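# Observations on the model geometry
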Amino acid sequence: MLAAACLVLVTLLGVAPRPAAALEPPRPLPDHRPEFVTETDTRPWVDCLWASAAMLLDKWTNGDVRVTHGKLRSLSGDRGGSSFEDMQVAFRKLGFDVPLSASGDSTLTWGGLLGRLRKGAGAVVLGDYGDMPRWQARWDRSFWRKKGKKDNHAVYVERYDRKRGRVWLMDPLARGDWQGEWISVSALRRFAWFK
């Protein structure tokens, strides 16, 4: 299908760090799992993009670069209403280039996203929390019940199990030492924004 997943952007294999001497850019190791980052450690809970981006950076660098969600937000200069353009600014300051189009949009076909996840990449996916299945929404039911712009959310997706039709989801609204869980590809697709 040619529908593009809007802002599903930042998959690791499509992001290239700045060149460093003669070294090749880092590639995620298939068995490296990033540390879970929650946005619920500070109030208000408005750092889902930054917590997801912190997990992506951890994955991308095989754990060599771990930055808090607050530090990423600070590096971007963002004060609210975070976007992938803001994330691009923060990553650039850390020496990583996240290619986005001039409009700040980076689209990828759904098949392209799943293909990259199958190869070991991670992704930050934006969507409507109210479209998550009831079980996945257990971390914040009142947020889940909201609609329109009031339920915009970002999650980190770690890997894709094609055989079972599922992806490993790490929702920044979870708490403690939670490490994620499997969610069906169809459920993630209902959540994700499309063009």
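Preceding block: the structure.
Rules used throughout
- Residues numbered from 1 in each chain as written.
- Predicted model: local features only at pLDDT ≥ 70, side-chain atom pairs only at ≥ 80, totals over all residues.
- Heavy atoms only, no water.
- Helix = DSSP H or I, 4+ residues; strand = E, 2+ residues; numbered from the N terminus.
- Phe/Tyr/Trp six-rings, centres within 6.5 Å; stacked < 30°, edge-to-face > 60°.
- Buried < 20%, exposed > 50% of the residue type's maximum accessible area, 1.4 Å probe, protein only.
- Lys NZ or Arg CZ within 6 Å of the ring centre and 35° of its normal.
- Pairing = 2+ DSSP bridges.
- Axes fitted to C-alpha atoms, helices over the stretch in contact; angles between N-to-C directions.
- Contact = heavy atoms within 4.5 Å.
- Parallel < 35°, antiparallel > 145°, perpendicular 65-115°, else oblique.
- Nonpolar A, V, L, I, M, F, W, Y, C, P; charged D, E, K, R; others polar.

Before going further, it helps to spend a moment on unusual backbone geometry. Even without glycine at this site, N62 takes up a positive phi of about 55°. Counting through the fold element by element, N62 comes out in the loop between helix 1 (48–60) and helix 2 (69–76).

On to the packing of aromatic side chains. Under the counting rule described, the total for this entry stands at five aromatic pairs. Taking 4.6 Å as the distance between ring centres and 50° as the angle between the ring planes, the aromatic pair formed by W60 and F96 counts as tilted. Highlighted residues: W60 in helix 1 and F96 in strand 3 (residues 96–97), separated in sequence by 36 residues. A single burial state applies to W60 and to F96, both of which are buried. Relative to W182, the ring of W168 has its centre 5.2 Å away and its plane inclined at 80°; by these criteria the two rings are edge-to-face. Taken together, the residues W168 in strand 7 (residues 166–170) and W182 in strand 8 (residues 181–184) connect sequence positions 14 residues apart. Feature note: the residues F36, W139 and W178 constitute an aromatic cluster, connected by ring pairs. Here the basic side chain of R141 rests over the ring of W144, its NZ or CZ set 5.8 Å away from the ring centre. One Lys or Arg, R166, reaches over the ring of W182 and ends 4.0 Å from the middle of that ring.

Okay, the pairing of strand 5 (residues 123–128) next. In terms of burial, strand 5 is a largely internal element, six of the six residues being buried. The alternating pattern of strand 5 places A123, V125 and G127 on one face and V124, L126 and D128 on the opposite face, and all of these are buried. Sheet analysis places strand 5 next to strand 6 (residues 152–161), joined by six bridges and oriented antiparallel. Opposite G127, over in strand 6, you have H153 as the bridge partner.

In space, the four strands of this open sheet follow the order 5-6-7-8, with antiparallel pairing throughout. Both edges of this open sheet fall to strand 5 and strand 8, since each of them pairs with a single strand only. Neighbour to neighbour, the strand axes of the sheet diverge by 50° on average, direction disregarded. Looking at chain direction, strand 6 and strand 7 are connected through four bridges and run antiparallel. Along strand 7, the bridge assignment pairs Y160 with V167. Contacting strand 5, strand 6 and strand 7, helix 1 runs over the sheet at an angle of about 25° to strand 6. Taken strand by strand, helix 4 (residues 110–118) contacts strand 5, strand 6 and strand 7, and its axis lies near 55° from that of strand 6.

For the pair helix 1 and helix 2, interaxial distance at closest approach is 8 Å and the crossing angle is 105°. Here helix 1 lies roughly perpendicular to helix 2, going by the angle between them. When helix 1 is examined against helix 2, the residues W50, A51, A53 and A54 are found in contact with a partner set consisting of H69, L72, R73 and S76. Class assignment for the residues of the contact of helix 1 with helix 2 results in five nonpolar, two polar and one charged.

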